[in-house]
Amino acid sequence: MKCSDCGGKIPAGAKYCSYCGAEIKSVFEEKSMDAPSAGFALLSYLIPPAGFVFFLVWKKKYPLKAKYSGIGALIGLIAMALLLVPSMYRLWKLFF
Ligand SMILES: [Zn+2]
């Protein structure tokens, strides 16, 4: 991490710069937390209900992460439907 005031190197998570004493704004850190996450998109794809929960929880705080989780969940649901429909059809044909 770098101090936005003097450019000095400061440990991550520090609240004040040890060189000039300037307050370190946490805005930068919060912003860097919000990034498109392939991991969460994949998790949402595999477990769509979890993806929708991520989407709802992060919608305000981490819009990018929420978006990717939502998309992952949506694709997961579609994939699940595509897999389920043929097997349901086969089951239906078995009985009728
Ligand atoms: Zn500084």
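Every value quoted in this text rests on a predicted model; they were computed, and no experiment measured them.

How each quantity is defined
- Residues numbered from 1 in each chain as written.
- Predicted model: local features only at pLDDT ≥ 70, side-chain atom pairs only at ≥ 80, totals over all residues.
- Helix = DSSP H or I, 4+ residues; strand = E, 2+ residues; numbered from the N terminus.
- Rg over C-alpha atoms; globule rule 2.2 N^0.38 Å.
- Contact = placed C-beta atoms within 7 Å.
- Domains from an automatic or database assignment.
- Core = buried A, V, L, I, M, F, W, Y, C linked by C-beta atoms within 7 Å.
- Buried ≥ 20, exposed ≤ 12 C-beta atoms within 10 Å, placed from the backbone.
- Axes fitted to C-alpha atoms, helices over the stretch in contact; angles between N-to-C directions.
- Parallel < 35°, antiparallel > 145°, perpendicular 65-115°, else oblique.
- Left-handed = near helix turned anticlockwise from the far one by under 90°.
- Arc of directions from axis to C-beta.

Participant: Which parts of the structure should I look at to understand the overall build of the protein?
Facilitator: Scanning the protein for helices and strands turns up four helices and zero strands. Listing each helix as α and each strand as β along the protein from the N terminus yields α-α-α-α. Against the 2.2 N^0.38 benchmark of 12 Å for 96 residues, the protein shows a C-alpha radius of gyration of 22 Å, more extended than a compact globule. Each of the three principal axes of the protein carries a C-alpha extent, and together these read 80 × 20 × 15 Å. Within the protein, residue pairs in contact and separated by at least 24 positions form 39% of the contacts whose partners lie at least 6 positions apart.

Participant: How should I be thinking about the domain arrangement of the protein in this particular structure?
Facilitator: The extent of an interface is frequently quoted as the accessible surface area lost upon association of the parts. Under the domain assignment, the protein is made up of domain 1 (1-33) and domain 2 (34-95). Relative placement of domain 1 and domain 2: their C-alpha centres are 37 Å apart.

Participant: Quick question: what am I supposed to make of the nonpolar core here?
Facilitator: One broad trend across soluble globular proteins is that nonpolar side chains are buried collectively. Of all hydrophobic cores here, the largest spans 10 residues; its members are F40, A41, Y45, F54, F55, W58, Y62, A66, Y68 and A73. Not counting residues within four places of it along the chain, the set of residues in contact with F40 comprises F54, K65, Y68, S69 and G72.

Participant: Quick question: what am I supposed to make of the packing of helix α3 (residues 48-58) against helix α4 (residues 63-95) here?
Facilitator: Relative placement of two packed helices is described by the angle separating their axes and the distance separating the axes. Look at α3 against α4: their axes get within 8 Å of each other, and the N-to-C directions meet at 155°. One way to sum up the angle between α3 and α4 is to call them roughly antiparallel. The interaxial crossing formed by α3 with α4 has left-handed handedness. Facing α3, whose interface residues are P48, G51, F52, F54, F55 and W58, α4 presents K65, A66, S69, G70, G72, A73, G76, L77 and M80.

Participant: Looking at this model, I keep getting lost on the packing of helix α2 (residues 38-46) against α4. Mind explaining?
Facilitator: Remark: α2 packs on α4, axes separated minimally by 7 Å, with the N-to-C direction vectors making an angle of 30°. With respect to α4, the element α2 is oriented roughly parallel. Crossing of α2 against α4: the hand is right-handed. Of the residues in α4, those touching α2 at F40, A41, L42, S44, Y45 and L46 are K65, Y68, S69, I71, G72, A73, I75 and G76.

Participant: What is the right way to read α2 from this model?
Facilitator: Given 3.6 residues to a turn, an α-helix orients residues that are three or four positions apart in the same direction. For α2, the set of buried residues is F40, A41, S44 and Y45. The arc that holds the buried residues of α2, viewed along the axis, is 145°, so those residues lie on one side. Turned more than 90 degrees away from the buried face of α2 sit A38 and G39, all of them exposed. Against the buried residues of α2 lie α3 and α4.

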